[in-house]
Amino acid sequence: MSEHQITTQNRFSQPFNAGRQNWKWQLKNRLQSIEDLEQWINLTDNEREGIRKTGDLFRLQITPYYASLMDPDDPQCPVRRQVVPTLDELEDDFDIHDLDPLEEQAHSPVKNLVHNYRDRVAFCVVNRCASYCRYCLRKRMVDDQEHTMNRMEVKAGIEYIRSRTEIRDVLLTGGDPLLLSDSQLEWIVTELRSIPHVELIRIGSRFPVFNPYRITDELCRLLEANHPVWFNTHFNHINEITEDAALAMDRLSKAGVPIGNQTVLLKGINNTAEALGDLFRELVRIRVRPYYLYQANLIGGTRHFRTSIEEGMELMKALRGRISGFAIPDYVLDTPHGKVPLNPNGFVKRDGDHVTVRAYGGELWDEYNPQK
Ligand SMILES: *Cc1c(COP(=O)(O)O)cnc(C)c1O
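Residues numbered from 1 in each chain as written. Predicted model: local features only at pLDDT ≥ 70, side-chain atom pairs only at ≥ 80, totals over all residues. Heavy atoms only, no water.

What follows covers the overall build of the chain. When you go through the chain residue by residue, the secondary structure sums to 12 helices and 12 strands. In summary, the chain has a C-alpha radius of gyration of 21 Å against a globular reference of 21 Å for 372 residues, a match within 12%. Taking the principal axes of its C-alpha atoms as reference, the chain extends roughly 70 × 50 × 50 Å. When the 372 residues of the chain are sorted by exposure, 53% land in the buried category. Long-range pairs, those at least 24 residues apart, make up 77% of the contacts in the chain with a sequence separation of at least 6. In the form shown here, the chain has an accessible surface area of approximately 17,300 Å², with 48% of it arising from carbon and sulfur atoms. Between the averaged position of the 46 positive side-chain charges in the chain and that of its 54 negative side-chain charges there is a distance of 4 Å. (Helix = DSSP H or I, 4+ residues; strand = E, 2+ residues; numbered from the N terminus. Rg over C-alpha atoms; globule rule 2.2 N^0.38 Å. Buried < 20%, exposed > 50% of the residue type's maximum accessible area, 1.4 Å probe, protein only. Contact = heavy atoms within 4.5 Å. Areas by Shrake-Rupley, 256 points an atom, 1.4 Å probe, with all protein chains shown as cover. Lys, Arg positive; Asp, Glu negative; His and termini not counted. Charge placed at Lys NZ, Arg CZ, Asp CG, Glu CD.)

Now the structure itself:
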């Protein structure tokens, strides 16, 4: 790989030897206690108490790889804040148990399959992840027996998809579907491929960020054999784009899988034009296309992460003209009625045969544009 391709090796990153550049090792050795975390970072009292008091509410688990990206001395580190609990999680104007703001449950005709748009479904085939984001949208599923999927239940979802000829696009999500073994995943993907009306298979996974070693040549071959397969991952900050993550994305790209990225707008982590611009520019350098920037959902225990929607719109305005057009994602609010784009709109007014628009630098332009 050319030396221009990747410059961002996080300065806190401690290189793993070959044995640890192994996705199963990473899962087996996840940090899940105060003692584990203290091996990596200097915990603040707020974090230590946060870990103690959120233990019953939401699982703590962090891969050693992701822990290696945390600043050991800075509690505001954008990597650390995404996965280390704090007492802030106990303070929210939303009930911490009100965890389904998108009414996904009501839109699930069969277990863990959300059918919200006519032609596509989100199928939550696993209810666990490689590591846990503190702002998780699907906290309600994690560690909940009700949401664990056995083979029969996955089969029921596949049969539902088979019975509905309008479903053209199946998004495998969770949890994180890459927590499945290659053979389990292969079974699901080949079953879906056997359905004539399923045109697209998509995988939504944060493994490239938490555990990039999961993107093995074997996995890439499996996906390549079932094209078209698209992939969406979830980078939130430039410090997450390491050489190992870039190599994983490169392997996937070479298997012909188009890769998109979904970022969540998070206060204190990426809510500046600089942070977002840096992230999106670096993503396109590793050939990952920024797809969505999500407004943070109203999940209990996440108030400290949420920005106002107006702030998000201002940030989008600041990005336009600053970075390549294809590095700019759609800013969306997810609702029970689907995703709503909140991008800046350059239309100002119509005046007779002319329309006035506003350019990114603020200049107004009159374009001749008769109505008929
Ligand atoms: C986001 C989402 C999709 C996919 O939407 P796209 O805009 O096509 O990426 C499908 N189903 C559900 C329930 C979703 O939340």
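Looking now at the nonpolar core. With 94 residues, the main nonpolar core has Leu37, Phe123 and Ile161 as its most contacted residues. In contact with Leu37, not counting residues within four places along its chain, are Leu31, Leu43, Ile51, Leu60, Ile62, Met70 and Val84. Counting residues in each nonpolar core, the second largest holds 5 residues, with Phe58, Cys129, Cys136 and Val142 among its members. (Core = buried A, V, L, I, M, F, W, Y, C linked by side-chain atoms within 4.5 Å.)

Now for the site of the ligand. Every residue near the ligand is listed here: Val114, Asn116, Tyr117, Arg120, Ala122, Arg202, Tyr291, Tyr292, Asp334 and Lys339. Within the side chain of Arg202, an N or O atom sits 2.8 Å from an oxygen atom of the ligand. Here an oxygen atom of the ligand sits 2.4 Å away from a polar atom, N or O, in the side chain of Tyr292. Compared with its free state, where it exposes 390 Å², the ligand has 89% of that area covered by protein. When contributions to the shell around the ligand are tallied by element, the ones reaching two or more residues are β1 (113-117), β2 (120-124) and β7 (289-294). In terms of residues, the shell around the ligand owes the most to one element, β1, which gives 3 residues. By residue class, the composition of the shell around the ligand is 5 nonpolar, 1 polar and 4 charged. (Near = heavy atom within 4 Å. Polar contact = N/O pair within 3.5 Å; in protein donor to acceptor, adjacent residues only side chain to side chain. Nonpolar A, V, L, I, M, F, W, Y, C, P; charged D, E, K, R; others polar.)

To continue, consider the sheet that holds strand β5 (residues 229-233). Reading across the sheet, the 9 strands line up as β1-β2-β3-β4-β5-β6-β7-β8-β9 and stay open at both edges, with mixed pairing between neighbours. Strand pairing shows two members of the sheet lacking a second neighbour, β1 and β9 (338-341), which therefore form its edges. Mean inter-strand twist for the sheet, computed between neighbouring axes without regard to direction, equals 30 degrees. Where β7 and strand β8 (residues 330-335) come together, 3 bridges link them in parallel fashion. Paired with Leu293 across the strands is Tyr331, a residue of β8. Each of β1, β2 and β3 (169-173) is contacted by helix α6 (residues 151-163), which is oriented at about 175 degrees to β2, the strand it contacts most. (Pairing = 2+ DSSP bridges. Axes fitted to C-alpha atoms, helices over the stretch in contact; angles between N-to-C directions.)

Structurally, the position occupied by Arg80 is in helix α5 (residues 80-83). Looking at Arg80, the relative accessible area reads 0%, which means it is buried. Look past the residues within four positions of Arg80 in its chain and what remains in contact with it is Ile41, Asn42, Leu43, Thr44, Glu47, Met70, Asp71, Pro72, Asp73, Asp74 and Pro75.

Moving on, we get to the domain arrangement of the chain. Here the chain is partitioned into domain 1 (3-341) and domain 2 (347-372). Relative placement of domain 1 and domain 2: their C-alpha centres are 40 Å apart. (Domains from an automatic or database assignment.)

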